[in-house]
Amino acid sequence: MDRRQCIKAMAISGLSVSLLDKIKAQQSQPMILRSVPKTGELLPAIGLGSSANFSALARSEDFDSVRGVMNAFYSQGGLIFDTAPSYGASEEVSGRIANELGIQDDLFWATKLNVVPRGGSSANPADARQQVEESFARVNREMIDLIQVHNVSDIPTQLPILKEYKEEGRIRFVGNTTWSLDEYDDLENSIRNDELDFIGIDYAIDNRTSAETILPLAMDHGVAVLIYAPFGRTRLWRRVAGVDLPEWASEIGAETWAQFFLKFVISHPAVTAATPSTSRPANMVDNMGACFGDLPDTAMQRRMIEFVDSLPEA
Ligand SMILES: NC(=O)c1ccc[n+]([C@@H]2O[C@H](COP(=O)([O-])OP(=O)(O)OC[C@H]3O[C@@H](n4cnc5c(N)ncnc54)[C@H](OP(=O)(O)O)[C@@H]3O)[C@@H](O)[C@H]2O)c1
């Protein structure tokens, strides 16, 4: 946390003393940063996602809890915030709270574009431009760091619109996302042909298909990678319910299952950052803990996979 963040964090802190102590202890170690291949800028390897429980929280109008999560994230030096117009109230509520906290210009805002109607295959360009403008209004910034085509939908229409915004200097980076195996081919084609800056893709210790093709391809093409669903939403939590974290997890500084799963994911050399979502400040502090200290080497990664693979699927 730099001085400016520290002052803001203290000023806006609604975090309990025990969480603040935990944050301080974590920050005694170096933060894990990754560079964006196209620019070389450094970003923390753990971000914050905003679908799943986070969007339920935003929808429930429990603004204190949303503020608590965003505060816990920012107080620890977190920067990448991943959202989408389709995540219910997430984009609007997080934009408003970031503005209230005065941190909106510090965050690396990543949102998405998709106006293809459900069951349809094509996007109306005017609707696409309107959705992008709505994102700017919600975030209340002149520039958004990253907008990606959501779920590789109508790339030929939507990606060029994002590239126009990029040329105008209103978006810094463009990309495509998916978390469905049946869309991997489209994402691969786009990485090869569309000069993307970023992609967003699912990857987790029990869901490693993207490491076979997409992640190496992204690395070859100098494309930054955000990892989505690093816990498989509830899948990994069900799998380790009642299972003790192995003692050897301490060798990479993983004190919890969340840190074990996240350190595995961000140890892949193609990964720029993982963006787990949470609705709880304590879990946010836990997740950011994976952004400090050591990462597993190849032998340790193998050991981690073997351990999780040996557990029955939930
Ligand atoms: N196609 C796409 O573009 C796409 C697809 C999927 C995801 N995404 C992005 O990636 C983000 C992450 O994926 P996701 O939200 O689907 O799933 P996820 O991050 O894998 O899992 C979220 C779940 O993990 C729990 N959790 C978080 N931290 C925890 C901790 N420390 N200890 C215990 N439980 C914890 C959360 O519950 P609590 O709230 O109780 O913490 C929530 O149920 C999304 O929010 C979204 O921004 C994008």
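Everything below is about the structure printed above this text.
Residues numbered from 1 in each chain as written. Predicted model: local features only at pLDDT ≥ 70, side-chain atom pairs only at ≥ 80, totals over all residues. Heavy atoms only, no water.

K.L.:
Which residues make up the overall build of the chain, and what values go with them?
P.N.:
When helices and strands are counted, the chain shows 13 helices and 10 strands. Judged by the C-alpha coordinates and their principal axes, the chain covers about 55 × 45 × 35 Å. Among the 314 residues that make up the chain, the fraction classed as buried is 54%. Taking as baseline every contact in the chain between residues at least 6 positions apart, the subset at least 24 positions apart corresponds to 78%. (Helix = DSSP H or I, 4+ residues; strand = E, 2+ residues; numbered from the N terminus. Buried < 20%, exposed > 50% of the residue type's maximum accessible area, 1.4 Å probe, protein only. Contact = heavy atoms within 4.5 Å.)

K.L.:
Explain the site of the ligand to me, and be specific about the residues and the numbers.
P.N.:
Around the ligand, the surrounding shell holds 29 residues, and the nearest of these are Asn151, Arg233, Thr278, Ser279 and Arg280. In this structure, Asp82 approaches the ligand through a side-chain N or O atom, which is 2.7 Å from an oxygen atom. Contacts to the ligand include Phe231, whose backbone N or O atom sits 2.8 Å from an oxygen atom. The fraction of the free accessible surface of the ligand (900 Å²) that becomes covered by protein chains is 93%. Only α3 (52-59) and α12 (281-288) provide two or more residues apiece to the shell around the ligand. Of all the elements, α12 adds the most residues to the shell around the ligand, at three residues. (Near = heavy atom within 4 Å. Polar contact = N/O pair within 3.5 Å; in protein donor to acceptor, adjacent residues only side chain to side chain. Areas by Shrake-Rupley, 256 points an atom, 1.4 Å probe, with all protein chains shown as cover.)

K.L.:
Quick rundown of helix α11 (residues 257-266)? Include the residues and the values.
P.N.:
Since the α-helix packs 3.6 residues into each turn, any two residues three or four apart lie on the same face. Burial within α11 is extensive, with 10 of its 10 residues counted as buried. Every buried residue of α11 is listed here: Trp257, Ala258, Gln259, Phe260, Phe261, Leu262, Lys263, Phe264, Val265 and Ile266.

K.L.:
Report on the pattern of salt bridges, specifying residues and quantitative values.
P.N.:
Charged atoms that come close allow side chains of opposite charge to pair. One pass over the structure, following the stated rule, counts 16 salt bridges. For Arg138, the salt bridge goes to Glu134, with nearest N and O atoms at 4.0 Å. With Arg138 and Glu134 both in helix α6 (residues 125-139) and four residues apart, the pair spans about one turn of that helix. Residue Arg138 is classed as partly exposed on the basis of its relative accessible area of 27%. A residue is classified by how much of its surface remains accessible, and Glu134, at 32% relative accessible area, is partly exposed. Within the structure, one salt-bridge network assembled from shared partners comprises Glu41, Arg141, Asp145 and Arg172. (Salt bridge = Lys/Arg side-chain N within 4 Å of Asp/Glu carboxyl O.)

K.L.:
How would you explain the environment of Ser50 if you had to name every residue and give the values?
P.N.:
Tracing the backbone shows Ser50 in the loop between β3 (48-49) and α3. For Ser50, a relative accessible area of 1% corresponds to the buried category. Residues Ser50 and Ala204, 154 residues apart in the sequence, show an inter-C-alpha distance of 18 Å. Leave out the neighbours within four places in its chain, and Ser50 touches Ser55, Phe81, Asp82, Thr83, Tyr87, Ser90 and Ser277. At 3.0 Å, the side chain of Ser50 forms a polar contact with the side chain of Thr83.

K.L.:
Help me get a handle on the side chain of Gln301, residues and values and all.
P.N.:
Relative to the assigned elements, Gln301 resides in helix α13 (residues 298-309). Separated by 3.4 Å, the side chain of Gln301 and the backbone oxygen of Pro296 make a polar contact. With near-sequence residues (within four places) excluded, Gln301 lies in contact with Phe264, Ser267 and Pro296.

K.L.:
Could you give me a rundown of the packing of aromatic side chains, with the residues and numbers involved?
P.N.:
Under the criterion given, the structure shown has 16 aromatic pairs. Between the aromatic rings of Tyr203 and Phe264, the centroid separation amounts to 5.9 Å while the plane-to-plane angle is 35°, which identifies the pairing as tilted. One end of the pair, Tyr203, is in the loop between β8 (198-202) and α9 (214-220); the other, Phe264, is in helix α11, with 61 residues separating them in the sequence. Here the aromatic rings of Trp257 and Phe261 are separated by 5.5 Å at their centres, their planes lie at 20°, and the arrangement is stacked. Of this pair, Trp257 and Phe261 both sit in helix α11, separated by four residues, roughly a single helical turn. Both residues of the pair, Trp257 and Phe261, belong to the buried class. Over the ring of Phe63 we find Arg96, and its NZ or CZ is 4.8 Å from the ring centre. (Phe/Tyr/Trp six-rings, centres within 6.5 Å; stacked < 30°, edge-to-face > 60°. Lys NZ or Arg CZ within 6 Å of the ring centre and 35° of its normal.)

K.L.:
Please set out the packing of helix α4 (residues 63-75) against helix α5 (residues 90-101) residue by residue, giving values where relevant.
P.N.:
Between two packed helices, the angle of one axis relative to the other and the distance separating the axes together describe the packing. Between α4 and α5, the least distance of the axes is 10 Å, while the angle of their chain directions is 65°. In terms of orientation, α4 and α5 fall into the roughly perpendicular class. Viewed along their axes, α4 and α5 form a crossing whose handedness is right-handed. Packed against α4, whose contacting residues are Phe63, Val66, Arg67 and Met70, the element α5 presents Val93, Ser94, Arg96, Ile97, Ala98, Glu100 and Leu101 at the interface. Residues belonging to the contact of α4 with α5 are distributed by class as follows: seven nonpolar, one polar and three charged. (Axes fitted to C-alpha atoms, helices over the stretch in contact; angles between N-to-C directions. Parallel < 35°, antiparallel > 145°, perpendicular 65-115°, else oblique. Left-handed = near helix turned anticlockwise from the far one by under 90°. Nonpolar A, V, L, I, M, F, W, Y, C, P; charged D, E, K, R; others polar.)

Interpretation note: all reported values are geometric properties and have no functional meaning in isolation.
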